[in-house]
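Overview (structure and organization)
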Amino acid sequence: MNAINAMTLKTVLITGASSGIGLQLAKDYLALGWHVIACGRSLQKLEALALKELGIVTLLNFDITQRSQVQLAGQDLAELLTQTDRQLDLVILNAGSCEYIDDAKAFDDALFERVVHTNLIAMGYCLGAFLPLMPRGSRIGLMSSSAIYLPFPRAEAYGASKAGVQYLASSLALDLVNSDIGVSLICPGFVATPLTAKNDFSMPMQVSVQAASKAIRNGLEHNKREIHFPRRFTYLLKLMSFLPAFVWQKMMANDTQSKSLKDKN
């Protein structure tokens, strides 16, 4: 059996598959002959992507922030796997959101709750629904961010949620050893997606979704526990995190002040 034929036996589930990194991952895994379960909250949007023309794809429609919907999706998936005699080889929990707190003094607690719920609590819903379906030898990828390496201005909600994902992945990896299920933490830098297009600040070393997909797929294929990219950017952040706090805090403050002056002008 050649490599491509072996690939056709594999199934990957991807949340947030209707745009950005998730969509590119779905396309690339389809091109490799995988059975892709593309998940999104808008079935109409998923159908408009014409993913079925690229390979064997199943569209799973649910909102990750709604526990009841995620549970139903898990039940539907269990039936599908049984009927098709397939197994869930890989799960990539990619879906998430990003919003910023513009005025820390007037802390937006509703925004904070919304972002943490989407990026962290909803991930727990997905783990509850899909982990029981994963066999020995499978792997799960949790989408975090390079923002976990160093605090950024206005990122109280986003950064906190992604730091929570980091701890979740680390703890989960310990507890799933006996089940022989691997866990990978995915920490992208800036990737050109509809989500980052809304950012009103410079995004150094930004990469394309194609490059992001390649880095993620390579990392998962090689069972990497932490997948971070682009390396020049993430290693720079990691290096800066070793500096005394007042150094990088001053750097961040200067950058914020420069932006404020630019906006006023």
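Up top you'll find the structure we're talking about.
Here we summarise the structure given alongside this text. This structure is a prediction, so every number in the text was calculated from the model and none was measured. (Residues numbered from 1 in each chain as written. Predicted model: local features only at pLDDT ≥ 70, side-chain atom pairs only at ≥ 80, totals over all residues. Heavy atoms only, no water.)

Topic: the layout of surface pockets
Taken as a whole, the second largest pocket holds about 410 Å³ of empty space. Lining the second largest pocket are 21 residues, and of these Lys10, Trp34, Leu220, Glu221 and Asn223 lie nearest its centre. The dominant element in the lining of the second largest pocket, judged by the number of residues it contributes, is helix α7 (residues 209-221), at four residues. Each residue belonging to the lining of the second largest pocket can be placed in one class, and the counts come to eight nonpolar, six polar and seven charged. (1 Å grid on protein atoms, 1.4 Å probe; cavity = no way out; pocket = protein on both sides within 12 Å on 5 of 7 lines; lining within 4 Å. Points joined across faces, edges and corners; volume = space filled by probe spheres on them. Helix = DSSP H or I, 4+ residues; strand = E, 2+ residues; numbered from the N terminus. Nonpolar A, V, L, I, M, F, W, Y, C, P; charged D, E, K, R; others polar.)

With respect to the packing of aromatic side chains
As enumerated under the stated definition, the model contains four aromatic pairs in all. Note on Phe190 and Phe233: the rings are 5.6 Å apart at their centroids and 45° apart in plane angle, and the pair reads as tilted. In this pair, Phe190 sits in the loop between β6 (182-188) and α7 while Phe233 sits in helix α8 (residues 231-240), placing the two residues 43 residues apart along the sequence. Considered together, Phe190 and Phe233 belong to a single accessibility category, that of buried residues. (Phe/Tyr/Trp six-rings, centres within 6.5 Å; stacked < 30°, edge-to-face > 60°. Buried < 20%, exposed > 50% of the residue type's maximum accessible area, 1.4 Å probe, protein only.)

A look at unusual backbone geometry
Omega for the peptide link from Phe229 to Pro230 comes to -10°, which places this bond in the cis form. Positive phi outside glycine occurs at Ala50, with the angle close to 55°. Note on placement: Ala50 falls in the loop between α3 (43-48) and β3 (57-61). Judged by relative accessible area, Ala50 falls into the partly exposed class, the value being 27%. In this model, Asp85 sits at a positive phi of 55°, which is unusual for a non-glycine residue. Here Asp85 falls in the exposed class, since its relative accessible area comes to 72%.

On their own, these measurements won't tell you what the molecule is for.
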